[in-house]
Amino acid sequence: MTQLTVAAAQILATDDPDHNLDQVREATTRAAAAGAQVVVFPEATMARFGSPLRRLAQPLDGAFASGVRATAAEHGVLVIAGMFIPAPDGRVRNTLLATGAGVEASYDKIHLY
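Residues numbered from 1 in each chain as written. Predicted model: local features only at pLDDT ≥ 70, side-chain atom pairs only at ≥ 80, totals over all residues. Heavy atoms only, no water.

Description of the pairing of strand β5 (residues 103-108)
The condition is simple: At least two bridges found by DSSP between two strands is the condition for calling them paired. What counts as a helix is a DSSP run of H or I of at least four residues, what counts as a strand is a run of E of at least two, and both are numbered from the N terminus.
For strand β4 (residues 92-100) and β5, the ladder comprises six bridges, and the chain directions are antiparallel. Bridge assignment links Leu96 to a residue of β5, and that residue is Tyr107. Hairpin connection between β4 and β5: a loop of two residues separates the two successive antiparallel strands, and Ala101 in this loop has a positive phi of roughly 55 degrees.

If you want it as structure tokens, here you go:
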């Protein structure tokens, strides 16, 4: 039987995507060292809900997603994290990024509150 070790990483996201990315790096490092192959973060990992999301939203090739990709590659794990991307109509999309270990995918939440 093949075993898959998944880590659920809970962080306290702030209004600062750079700070939140540092938390992703730290938690991924710990999870990978403990044997995790997949590290899953919360929906609003890039910036907490209630933040100025239009100002903070970044494209999937922006600094936050690129940092998550680099972290996943460094540790050879799949990282799943929530972020916010700008939409063409000026709104913000609540997006799930899955990257690393041969995976590169994203999903935009379609039923927003």
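That shown, we press on.
Digging into the sheet that holds strand β3 (residues 78-86)
To be explicit about the condition: The angle between two axes is taken between their N-to-C directions and runs from 0 to 180 degrees, where each axis is a line fitted to C-alpha atoms and a helix contributes only its stretch in contact.
With respect to topology, five strands assemble into an open sheet ordered β1-β2-β3-β4-β5, the strand pairing being mixed. Edge strands, defined here as strands with exactly one partner in the open sheet, are β1 (6-8) and β5. Strand-to-strand twist in this sheet, taken as the mean axis angle between neighbours without regard to direction, amounts to 25 degrees.

Things to note about the packing of aromatic side chains
Convention followed: Ring pairs shown here join Phe, Tyr and Trp side chains whose ring centres sit within 6.5 Å, with only the six-membered ring taken for Trp; geometry is labelled stacked below 30 degrees between planes, edge-to-face above 60, and tilted in between. Whether a residue is buried, partly exposed or exposed follows from its accessible area with a 1.4 Å probe, protein chains only, as a fraction of its type maximum: under 20%, in between, or over 50%, in that order.
As enumerated under the stated definition, the model contains one aromatic pair in all. Relative to Phe84, the ring of Phe49 has its centre 5.7 Å away and its plane inclined at 75 degrees; by these criteria the two rings are edge-to-face. Highlighted residues: Phe49 in the loop between β2 (38-40) and α2 (53-56) and Phe84 in strand β3, separated in sequence by 35 residues. Taking relative accessible area as the criterion, Phe84 reaches 2% and is therefore assigned buried.

Points about the nonpolar core
Filter applied, for reference: For the purposes of this section, nonpolar cores are sets of buried Ala, Val, Leu, Ile, Met, Phe, Trp, Tyr and Cys residues that join through side-chain atoms within 4.5 Å. Residue contacts follow a heavy-atom distance rule, with two residues in contact if any of their heavy atoms lie within 4.5 Å.
Grouped together as the largest cluster of nonpolar side chains are 27 residues, with contacts concentrated most on Val39, Phe41, Phe64, Val68, Met83 and Phe84. Sorting the residues of this core by element identifies α1 (17-33), α2, α3 (63-75) and β3 as the ones contributing at least two each. Per-element accounting of this core gives the leading share, five residues, to β3. Once residues within four sequence positions are removed from consideration, Phe64 is found in contact with Pro17, Asn20, Leu21, Val24, Thr45, Met46, Gln58, Gly82 and Met83.

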